[in-house]
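Spelled out from the first residue to the last, the chains are:
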Amino acid sequence: MSEEKQTKEAPKPKPKRPKIPRQPMPEQDAHARAKNFESVTLGYTMEQAVVEATRCIQCKKPYCIGGCPVAIDIPGFIQLVKDKEFLKAAQLVKRTNLLPAVCGRVCPQEEQCEAVCVLGKKQDPVAIGRLERFVADYEAEHGEIPLPEFPPKTGKKVAVVGAGPGGLTVAGDLIQQGHDVTIFEALHKAGGVLVYGIPEFRLPKAIVEREVEYLQRLGVELKLNHVIGKIRTIDQLMEEDGFDAVFIGSGAGLPWFMDIPGENLNGVFSANEYLTRNNLMKAFDFPSYDTPIKKFKNVAVIGGGNVAMDSVRTALRLGADNAYIVYRRGREEMPARQEEIEHAEHEGVKFKNLTAPVRILGNDEGWVTALECLEMELGEPDASGRRRPIPVKGSEFILEMDAVVIAIGTSANPLIAQTTPDLKLNRKGYIEVENETTCRTSKKGVFAGGDIVTGSATVILAMGAGRNAANAIQNYLQTGEWWSPNGTPEN
Amino acid sequence: MSFTTFKDIVTYAVEKEAEAIRFYTDASRQEEYAAAKGTFLAFAEEEKKHKALFENLDPQLVANYKFGKIPDLKRSDYMVETAYRPGMPYVDILRLAMKREEHAKKFYDDCVALVEGEDQKKLFQMLSQEESKHKLKLETMYDDAMAKAGD
Ligand SMILES: Cc1cc2nc3c(=O)[nH]c(=O)nc-3n(C[C@H](O)[C@H](O)[C@H](O)COP(=O)(O)OP(=O)(O)OC[C@H]3O[C@@H](n4cnc5c(N)ncnc54)[C@H](O)[C@@H]3O)c2cc1C
């Protein structure tokens, strides 16, 4: 009797849906990969992608879309993955993102779409970035990107300065509106940071090449080795060469140094130079390619951002015995993506956090021999609540080093501004625009977007700016409407 | 240079601020862009506040001056000297200004050690603390800009 009562009262446990864990990303073994330039992450298999896609609960109000700077229909494409409609999924993503194979690899999803994924409240968020990469790679392997229908030619000419993600997006959008588009790129390869900055092991160059070739198939003209400001000025493009509008997407590639003693020694590089020599000029493949890079035993990379992580991991792959990150703040303050920091740790990079370089020492031949550093400690919180690092008195120490790579930030190259007098800049030297949506500069017919406007940011933000600028240029070419900049807008 | 009276010291400090105002104003004139001009003019304004403060100094004010611990981030202390050049980027402008404050502070600290009278020592300590405040303000601006970039 009592037993019967008990069974009546106890509610039946609901059958729980088994929690599917976030599918891990297959990776090359850390020891092996630290010695080669092949991709670190290998991408999901079809099975893994489908399993991961089933984790998405298809929220009625999907926050993930709002978390994406270009508002990809994330639940939509994930549902297509679940249904094994991979090509359709890729096409859906491409409606709003020209370079999903790139963004799937390098976007900081953990701060964007995945940060707001509802699943993330109780467990790991859906691996949106990995799925984006999967569908883009699947399409690259299995599908030919069909050429879209072309509208009739408008007879309007648009010049794009810089072939980074911002410029490429503008070109791709405007060529499909029937305009003639020419990209002027200073370097001998298109892609901007995607080819000269981010290393092969994180972003294979073939992916970028494929996208650039696609733009050329669409009819975009690409003029490489064309430094605007030297070969032609913006004024000449507009007044003499017949361009009706210009987009400036020249990035922020001018490196900062530390201004400490010893920076002019041999063996000191800006991260830009170090990465460019290796990525673009294939120094790692010397003598097959003719840019040499000396093999250094001990390399210190100064900084804690993505650029620093890319440089230090490159140093390992070029054969350094010891590759250090020297960073003046704590690990939690590093702006680099968490994933990249962890990859660097697994590969054997040595982290010297709360450490500030104060002097680079050299030998009689002018080569780096050591780096003098100071230990730092966090000071009292200031008015903003931030605890800033301050040097610990008498804590100087020496690290033996034969190369130092400086990755503490960049700013805009002033060449275009210097040769375009009526282009307004903000306090930090970046081009001032009316707002993020119109991308109109102070000069009629000239638009700007990406790092040259925001300072160093992200690939997806540069692409978002490119899309906005393309819309604004289209509107300008149709209506001729402009704005009247008055005063200096606040930066 | 000898500082015998309160007035000598104040006159010197005022002249130092006047020099700083001239320096930043000249730099702003040489800049082509409104933005850089604006940065230099803002620095000149800061120095004007100091100049006004020093011009109105009297021994009573110094006696009542509140000393406190101004944190020193020492961002400029390990940097090499830098000179003004037209068109210099924003972070370089900050570095230049930080270095100037570092020198000014160090000068007054040296004076504290050199003079004998308590009142004079106190006056120099006050001047040093005022420069430390400027240095901290600039170094905080600089540190924020650099932290974002990965430094
Ligand atoms: C090493 C490194 C790692 C990074 N890692 C990441 C990451 O993991 N995730 C992420 O989202 N972002 C990352 N970023 C940032 C990201 O790459 C940039 O924010 C993005 O590329 C900016 O795009 P953009 O089109 O504005 O400019 P860029 O990519 O800088 O392209 C600008 C182009 O303009 C050309 N150019 C410049 N001046 C002229 C001229 N006068 N005439 C003609 N052409 C000119 C340049 O040669 C370049 O090709 C990284 C950056 C670096 C340097």
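Engineer: Report on empty space enclosed by the protein, specifying residues and quantitative values.
Structural biologist: Tallied over the entire structure, the rule returns 7 cavities of 30 Å³ or more. Of the voids in this model, the largest cavity is the one considered here, and its volume is about 170 Å³. Contributing to the lining of the largest cavity are 19 residues, with Ile260(A), Arg328(A), Pro357(A), Arg75(B) and Met79(B) lying nearest its centre. Secondary-structure elements contributing two or more residues to the lining of the largest cavity are strand E10 (355–362) and strand E11 (368–381) of chain A together with helix H5 (118–149) of chain B. Examining the composition of the lining of the largest cavity, we find that 3 residues originate from one element, E10(A), more than from any other. Among the residues forming the lining of the largest cavity, the class breakdown is 14 nonpolar, no polar and 5 charged. In this structure, the second largest cavity spans a volume of roughly 120 Å³. Contributing to the lining of the second largest cavity are 17 residues, with Cys56(A), Cys59(A), Cys64(A), Cys117(A) and Val118(A) lying nearest its centre. Every element with two or more residues in the lining of the second largest cavity is listed here: helix H4 (63–67) and helix H5 (74–82) of chain A. Looking at the lining of the second largest cavity element by element, the count peaks at 3 residues for H5(A). Its residues assigned to classes, the lining of the second largest cavity shows 15 nonpolar, 1 polar and 1 charged.

Engineer: A description of helix H3 (residues 46–54) of chain A should follow, citing residues and the corresponding values.
Structural biologist: Those residues of H3(A) that fall on the buried side of the exposure criterion are Gln48(A), Ala49(A), Val50(A), Glu52(A) and Ala53(A). On its buried face, H3(A) is in contact with H5, helix H6 (86–96) and helix H8 (128–142) of chain A.

Engineer: Lay out the pattern of salt bridges with the relevant residues and their values.
Structural biologist: Inspection of the entire model under this criterion finds 56 salt bridges over all chains. When the shortest N-O distance is used, the salt bridge between Asp26(B) and Arg29(B) registers 3.2 Å. One end of the pair, Asp26(B), and the other, Arg29(B), are both in helix H1 (residues 6–30), 3 residues apart, so they sit about a helical turn from each other. Connected through salt bridges with shared partners, the residues Arg328(A), Arg329(A), Glu333(A), Asp382(A), Arg386(A), Arg388(A), Arg75(B), Asp143(B), Asp144(B) and Asp151(B) form a single ionic network.

Engineer: Describe the interface of chain A and chain B, and please don't skip the residues or the numbers.
Structural biologist: In this complex, chain A contributes 32 residues to the contact, which on the side of chain B involves 24 residues. The contact between chain A and chain B buries some 2,500 Å² in all, and 56% of this surface belongs to carbon and sulfur atoms. The largest per-residue losses of area from chain A upon contact with chain B belong to Asp259(A), Arg388(A) and Arg427(A), which jointly make up 25% of the total buried on that side. The salt bridge involving Arg388(A) is made with Asp143(B); its shortest N-O contact spans 3.1 Å. In this assembly, chain A and chain B are joined by 9 residue pairs in polar contact (both at pLDDT 80 or more). Secondary structure elements with two or more residues in the side of chain A that touches chain B: strand E12 (387–391) and helix H16 (415–418) of chain A.

Engineer: So, the layout of surface pockets: which residues are in play, and what are the values?
Structural biologist: Taken as a whole, the second largest pocket encloses approximately 740 Å³ of empty space. Lining the second largest pocket are 31 residues, and of these Ile390(A), Lys69(B), Ile70(B), Pro71(B) and Asp72(B) lie nearest its centre. Among the elements of the structure, E11 and E12 of chain A together with H5 of chain B are those that each provide at least two residues to the lining of the second largest pocket. Residues belonging to the lining of the second largest pocket are distributed by class as follows: 12 nonpolar, 8 polar and 11 charged.

Engineer: Give a description of the domain arrangement of chain A that names residues and reports values.
Structural biologist: All names here are of chain A. Assigned domains of chain A: these are domain 1 (30–142), domain 2 (157–253 + 412–490) and domain 3 (254–410). Each of domain 1 and domain 3 was reduced to a C-alpha centroid, and the two centroids are 32 Å apart. Every contact between the two is made by 14 residues of domain 1 and, on the other side, 12 residues of domain 3. Three residues stand out in domain 1 for area buried against domain 3, namely Arg33, Ala34 and Phe37, and they jointly supply 49% of the buried area on that side. The salt bridge involving Arg33 is made with Glu347; its shortest N-O contact spans 2.6 Å. Viewed at the interface, domain 3 and domain 1 are joined by 8 residue pairs in polar contact (both at pLDDT 80 or more). Of all the elements in the fold, those that place two or more residues in the side of domain 1 that touches domain 3 are helix H2 (30–33) and helix H7 (100–106).

Engineer: Describe in detail the packing of H1(B) against H5(B), supporting the description with residues and values.
Structural biologist: Residues and elements named next belong to chain B. With their axes 10 Å apart at the nearest point, H1 and H5 run at an angle of 15 degrees to one another. Considering their axes alone, H1 and H5 lie roughly parallel with respect to each other. For H1 against H5, the interelement crossing comes out right-handed. Counting all contacts with H1, which are made through Phe6, Ile9, Val10, Ala13 and Glu17, the residues of H5 involved are Gln120, Leu123, Phe124, Leu127 and Glu131. Partitioned by chemical class, the residues of the contact of H1 with H5 number 7 nonpolar, 1 polar and 2 charged.

Rules used in this analysis
- Residues numbered from 1 in each chain as written.
- Chains lettered and ligands numbered in written order.
- Predicted model: local features only at pLDDT ≥ 70, side-chain atom pairs only at ≥ 80, totals over all residues.
- Heavy atoms only, no water.
- 1 Å grid on protein atoms, 1.4 Å probe; cavity = no way out; pocket = protein on both sides within 12 Å on 5 of 7 lines; lining within 4 Å.
- Points joined across faces, edges and corners; volume = space filled by probe spheres on them.
- Helix = DSSP H or I, 4+ residues; strand = E, 2+ residues; numbered from the N terminus.
- Nonpolar A, V, L, I, M, F, W, Y, C, P; charged D, E, K, R; others polar.
- Buried < 20%, exposed > 50% of the residue type's maximum accessible area, 1.4 Å probe, protein only.
- Contact = heavy atoms within 4.5 Å.
- Salt bridge = Lys/Arg side-chain N within 4 Å of Asp/Glu carboxyl O.
- Buried area = accessible area lost by both parts, 1.4 Å probe.
- Polar contact = N/O pair within 3.5 Å; in protein donor to acceptor, adjacent residues only side chain to side chain.
- Domains from an automatic or database assignment.
- Axes fitted to C-alpha atoms, helices over the stretch in contact; angles between N-to-C directions.
- Parallel < 35°, antiparallel > 145°, perpendicular 65-115°, else oblique.
- Left-handed = near helix turned anticlockwise from the far one by under 90°.

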